[in-house]
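Each chain, letter by letter, is given below.
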Amino acid sequence: MNMRLVGNALRSRFVKLGAAAVGICAVASAVAAPNPVSGPKASDGYQTAAAHAMLIEADSGSVLFEKAADDLIPPASLSKLMTQEVVFNEIKQGRLKPTTEFIVSTNAWRRGGAPSHTSSMFIPIHSKVSVDDLLHGAIIQSANDACIALAEGISGNESTFAELMTKRARELGLTKSTFGNSTGLPDPRQLMTSRELAKLARHIIETYPDYYKYYSEREFTWNKIRQYNRNPLLPMTIGADGLKTGFTKEAGYGLVGSAVQNGLRLIVVVNGLRSEKERADEAKKLLEWGFHSFQSGLLFAEGQEIAQAKLYGGVKGHVPLIARKEVRLMVPRGSRDKIIARVVYSGPVRAPIQQGQKIGTLKVWRGESVVLEVPLQAAEGVDTGSMPQRAFDAATEFVLGLFRAGFKRL
């Protein structure tokens, strides 16, 4: 795996943002797998009463704050975001229609409906309810009967649906999350991290804008029963428009929220709090701190070359790398933290290369924290080289391989 520090192209940009100079050099060596993006820790200044917390900027994914963000914890109803994402994806893939009706089984009624004494749509047993209404109930009312009905309607039973949730989580890059049910009710297999909850929320916002609107609806009436959205951020004048609250005795009070101010969207995750009020207060304070303490700066324009990756066996020795869209970084106002940018890829990369092929990752450090990771792709296609070119590359790589092996034995 090769690592390259991005050079002078970044220096002027960071100086304009008030950041310290960028570290500039080139490194080619075997390195460990990259750590997750990690932002300023609780000890770096801002403090929160939440046992676990995460604050990111939605567009770039820049990490503004974290506290125990990689600990696996019971997510309670926050895990319903994964249930909802699976349903959104089924609709997007054409395997499910919003108008499809599912029958509420005895199991869904008993474990998630009125007899359960949990959050519910209070759907009568054996009723037929459309997928769209069930989604409204699951999102706005946090209805457990709606979630179980969706799970059974899609997968036949809730256990199989939970396996689908875990599989879908891996497809989205959520490497730690596991699920035992669709509701978030206590189950030893139901575990998520604050970082992955933030990543999931960001994915939902970006991928399903039509369904994301449901999270901002203040109330939902079904079968003449009106219930109100449980998200305490929505009535506040902070630009909040989603997403989800959760509570169990084991997990405490938690929230995944999002708000927009002056075109800037932040996503907050807090968990392990002691009361509804503390949950609302801590989420609001963290969002307001993020909006007031950071500014966004452009690192690379859309289509701008960020680095080059070394090739093996191609008509060219290198391929330029670009991001899918412009690259921006959130920087604390007045900060003089050192900024370092590295491009990480496994190389040399074997030709042929397709335009748009994912090659590596741009990683940006602020101080000692990794605050941004951006996938990089090939800006152009590169064909396989001639036989003499491939032979020369093979010989070169053989010699370099011997050198690396000897270096490791030293």
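The residue count restarts for each chain, going from 1 along the sequence in the order it is written. With the structure being a predicted model, the display of local features is reserved for residues of pLDDT at least 70 and the display and counting of side-chain atom pairs for 80 or more, all residues being used for whole-chain, interface and lining totals. To get the side-chain values, all heavy atoms of the structure are used, and hydrogens and water are removed first.

### Structural notes on the nonpolar core
As a rule of thumb, nonpolar side chains are buried together in soluble globular proteins. Within this scheme, the nonpolar core is defined by two criteria: the residues are buried Ala, Val, Leu, Ile, Met, Phe, Trp, Tyr or Cys, and they are joined through side-chain atoms within 4.5 Å. Throughout, exposure labels follow a simple rule: accessible area from a 1.4 Å probe, protein chains only, divided by the maximum for the residue type, with under 20% read as buried, over 50% as exposed, and the rest as partly exposed. By size, the foremost hydrophobic cluster in this structure holds 57 residues, and its most contacted members are Met82, Leu134 and Leu135. Should any heavy atoms of two residues lie within 4.5 Å, those residues are considered in contact. Dropping the residues within four chain positions of it, Leu134 is found in contact with Phe102, Met121, Ile123, Val129, Ala146, Ala149 and Leu150. By size, the runner-up hydrophobic cluster in this structure holds 27 residues, among which are Leu321, Val331, Val349 and Val371.

### Describing the packing of aromatic side chains
The pairing test for Phe, Tyr and Trp rings, Trp by its six-membered ring, is centres within 6.5 Å, and the orientation test on the planes gives stacked under 30 degrees, edge-to-face over 60, and tilted for anything in between. Tallied over the full model, the rule gives nine aromatic pairs. Each ring, one from Tyr46 and one from Phe65, has its centre 5.4 Å from the other, and the planes form 80 degrees; the classification is edge-to-face. Of the two residues, Tyr46 is situated in the loop between strand S3 (26–27) and strand S4 (52–57) and Phe65 in strand S5 (residues 63–67); the sequence distance between them amounts to 19 residues. Residue class for Tyr46 comes out buried when judged on its relative accessible area of 15%. Starting at the N terminus, helices and strands are each numbered in turn, a helix being any DSSP run of H or I of at least four residues and a strand any DSSP run of E of at least two.

### Concerning empty space enclosed by the protein
Grid points spaced at 1 Å and placed over the protein atoms alone form the basis of the search, with a cavity being a set where a 1.4 Å probe fits but cannot get out and a pocket an open set showing protein on both sides within 12 Å along at least five of seven lines. Lining residues have an atom within 4 Å of a point. Grid points are joined across faces, edges and corners, and a volume is the space filled by probe spheres set on the points. If you walk through the whole model with that rule in mind, you get one cavity of 30 Å³ or more. Considered as a void within the structure, the largest cavity measures approximately 40 Å³ in volume. Around the largest cavity, the lining residues are Ile139, Ile140, Ser142, Asn229, Arg230, Asn231, Leu243, Lys244 and Thr245. Those elements that provide at least two residues to the lining of the largest cavity are helix H4 (131–140) and strand S10 (240–248). A total of three residues in the lining of the largest cavity trace back to one element, the largest contributor, which is S10.

### A closer look at the pairing of strand S8 (residues 219–222)
Only one face of S8 is covered, namely the face carrying Phe220 and Trp222; the face carrying Glu219 and Thr221 is uncovered. Two strands are counted as paired when DSSP detects at least two bridges linking them. With four bridges joining them, S8 and strand S9 (residues 225–228) adopt antiparallel strand pairing. Its bridge partner being in S9, Glu219 is matched across the sheet by Tyr228. Connecting S8 to the antiparallel partner S9 that follows it, the hairpin turn spans two residues, and Asn223 within it adopts a positive phi of roughly 55 degrees.

### With respect to the pattern of salt bridges
Salt bridges are counted wherever a side-chain nitrogen of Lys or Arg sits within 4 Å of a carboxyl oxygen of Asp or Glu. Under the criterion given, the structure shown has 17 salt bridges. Two residues, Arg202 and Glu206, come together in a salt bridge whose shortest N-O distance is 3.4 Å. Residue Arg202 and its partner Glu206 are located together in helix H7 (residues 194–207), separated by four residues, close to a single helical turn. Because the salt bridges share partners, they merge into one network encompassing Glu85, Lys167, Arg168 and Glu171.

### Describing the packing of helix H2 (residues 80–92) against H7
Angles run from 0 to 180 degrees between N-to-C directions of axes, and those axes are lines fitted to C-alpha atoms, restricted for helices to the stretch in contact. In the contact formed by H2 and H7, the axes pass within 11 Å of each other and the chain directions differ by 30 degrees. With respect to their mutual orientation, H2 and H7 come out roughly parallel. Handedness of the crossing formed by H2 with H7: left-handed. Of the residues in H7, those in contact with Leu81, Met82, Glu85, Phe88 and Lys92 of H2 are Leu200, His203, Ile204 and Thr207. Among the residues making up the contact of H2 with H7, the classes are represented as five nonpolar, two polar and two charged. In these notes the angle categories are as follows: under 35 degrees is roughly parallel, over 145 is roughly antiparallel, 65 to 115 is roughly perpendicular, and the rest is oblique. Should the near helix be turned anticlockwise from the far one by less than a right angle, the crossing is termed left-handed; should it be turned clockwise, right-handed. Three classes are used, and their members are as follows: Ala, Val, Leu, Ile, Met, Phe, Trp, Tyr, Cys and Pro are nonpolar, Asp, Glu, Lys and Arg are charged, and the others, Gly among them, are polar.

### Details of the pairing of strand S16 (residues 327–332)
Side-chain direction in a regular strand flips from residue to residue, so the side chains alternate between the two faces of the sheet. Among the six residues that make up S16, five are buried, leaving the element largely enclosed by the rest of the structure. Where strand S13 (residues 294–300) and S16 come together, six bridges link them in antiparallel fashion. The residue bridging Gly297 from the neighbouring strand is Leu329, located in S16.

### A closer look at the layout of surface pockets
The computed volume of the largest pocket comes to approximately 1500 Å³. Looking at the lining of the largest pocket, the elements that each hand over two or more residues are S4, H2, helix H6 (158–171), H7, S16, strand S19 (358–366) and strand S20 (369–378). The element contributing the most residues to the lining of the largest pocket is H7, with eight residues. Within the lining of the largest pocket, the residues separate by chemical class into 15 nonpolar, twelve polar and 17 charged.

### Remarks on the confidence of the model for the protein chain
The predictor rates its confidence in each residue with pLDDT, a number between 0 and 100. The predicted model of the protein chain averages 87 in pLDDT, with 83% of residues at 70 or higher. Scored below 50 in pLDDT, residues 1–5 makes 33 contacts in the model with residues more than four places away or belonging to other chains. Low pLDDT, under 50, characterises residues 18–36; the predicted model gives this stretch 52 contacts beyond four residues in sequence or across chains.

### Topic: unusual backbone geometry
Along the chain, Gly242 connects to Leu243 via a cis peptide bond; the corresponding omega equals 10 degrees. In this fold, Leu243 is placed in strand S10. Backbone torsion omega between Ala351 and Pro352 reads 5 degrees, so that peptide bond is classified as cis. With respect to the element layout, Pro352 can be found in the loop between strand S18 (349–350) and S19.

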